[in-house]
Amino acid sequence: MGIVKVLEVIASSENSIEDAIQNAVDEVSKTVHNIDSVYVKDIKAHVKEGKVTSYGCVCKVSFRVEQTKNV
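Please read these numbers as outputs of a predicted model, since none were measured by experiment.

Chemist: I'd like to hear about the overall build of the protein, residue by residue, with values.
Modeler: Along the protein, the regular secondary structure elements total one helix and three strands. The order of α-helices and β-strands along the protein, N terminus first, is β-α-β-β. With the C-alpha coordinates aligned to their principal axes, the bounding extent of the protein is approximately 65 × 20 × 15 Å. Evaluated residue by residue, the protein yields a buried proportion of 23% over its 71 residues. Of all intrachain contacts in the protein linking residues separated by at least 6 positions in sequence, the fraction that spans at least 24 positions is 62%. Surface exposure of the protein reaches about 5500 Å², of which carbon and sulfur atoms provide 50%. Between the averaged position of the 9 positive side-chain charges in the protein and that of its 10 negative side-chain charges there is a distance of 6 Å.

What follows is the structure, given as structure tokens:
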């Protein structure tokens, strides 16, 4: 049986929601391997003077834990 862990991260981008999600994956990938999926829990956009200035999201990043065999 495999073990999956989930990290919750907050990410942002000035370009798009997709870019914010990719930024979350890029950041987690620096220290975590075997990422399987990303669940976007919440999305928001910051607005200034009637224009969207940045996008943000709360992501749950799931990854498989490598198991060592006991010999």
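Picking up after the structure, the text goes on.
Chemist: Could you give an account of the side chain of Ser13, naming the residues involved and the relevant values?
Modeler: In this fold, Ser13 is placed in strand 1 (residues 3-13). Residue class for Ser13 comes out buried when judged on its relative accessible area of 5%. A polar contact is formed between the side chain of Ser13 and the backbone nitrogen of Ser16, at a distance of 3.5 Å. For Ser13, the side chain forms a polar contact with the side chain of Asp19, separated by 2.7 Å. What Ser13 contacts, discounting residues up to four positions off in sequence, is Asp19, Ala20, Asn23, Ser54 and Tyr55.

Chemist: Before we move on, could you go through the sheet that holds strand 1 and cite the residues and values that matter?
Modeler: Working definition: the strands of a sheet are paired by backbone hydrogen bonds and lie parallel or antiparallel to each other. Taken in spatial order, the three strands of this open sheet run 1-3-2, and their pairing is antiparallel. Strands at the two margins of the open sheet, each flanked by one partner only, are strand 1 and strand 2 (35-48). Taken over all neighbouring pairs, the strand axes of this sheet differ in orientation by 15° on average, direction set aside. The sheet contact formed by strand 2 and strand 3 (residues 51-65) spans 12 bridges and is antiparallel. Following the sheet pairing, Ile43 is matched in strand 3 by Cys57. The sheet strands contacting helix 1 (residues 17-29) are strand 1, strand 2 and strand 3, and the helix crosses strand 1 at an angle near 130°.

Chemist: A description of the environment of His46 should follow, citing residues and the corresponding values.
Modeler: Topologically, His46 is positioned in strand 2. The sequence separation of His46 and Asn15 amounts to 31 residues, and the corresponding C-alpha distance is 12 Å. Residue contacts for His46: discarding those within four places in its chain leaves Lys51, Val52, Thr53 and Ser54.

Conventions adopted
- Residues numbered from 1 in each chain as written.
- Predicted model: local features only at pLDDT ≥ 70, side-chain atom pairs only at ≥ 80, totals over all residues.
- Heavy atoms only, no water.
- Helix = DSSP H or I, 4+ residues; strand = E, 2+ residues; numbered from the N terminus.
- Buried < 20%, exposed > 50% of the residue type's maximum accessible area, 1.4 Å probe, protein only.
- Contact = heavy atoms within 4.5 Å.
- Areas by Shrake-Rupley, 256 points an atom, 1.4 Å probe, with all protein chains shown as cover.
- Lys, Arg positive; Asp, Glu negative; His and termini not counted.
- Charge placed at Lys NZ, Arg CZ, Asp CG, Glu CD.
- Polar contact = N/O pair within 3.5 Å; in protein donor to acceptor, adjacent residues only side chain to side chain.
- Pairing = 2+ DSSP bridges.
- Axes fitted to C-alpha atoms, helices over the stretch in contact; angles between N-to-C directions.

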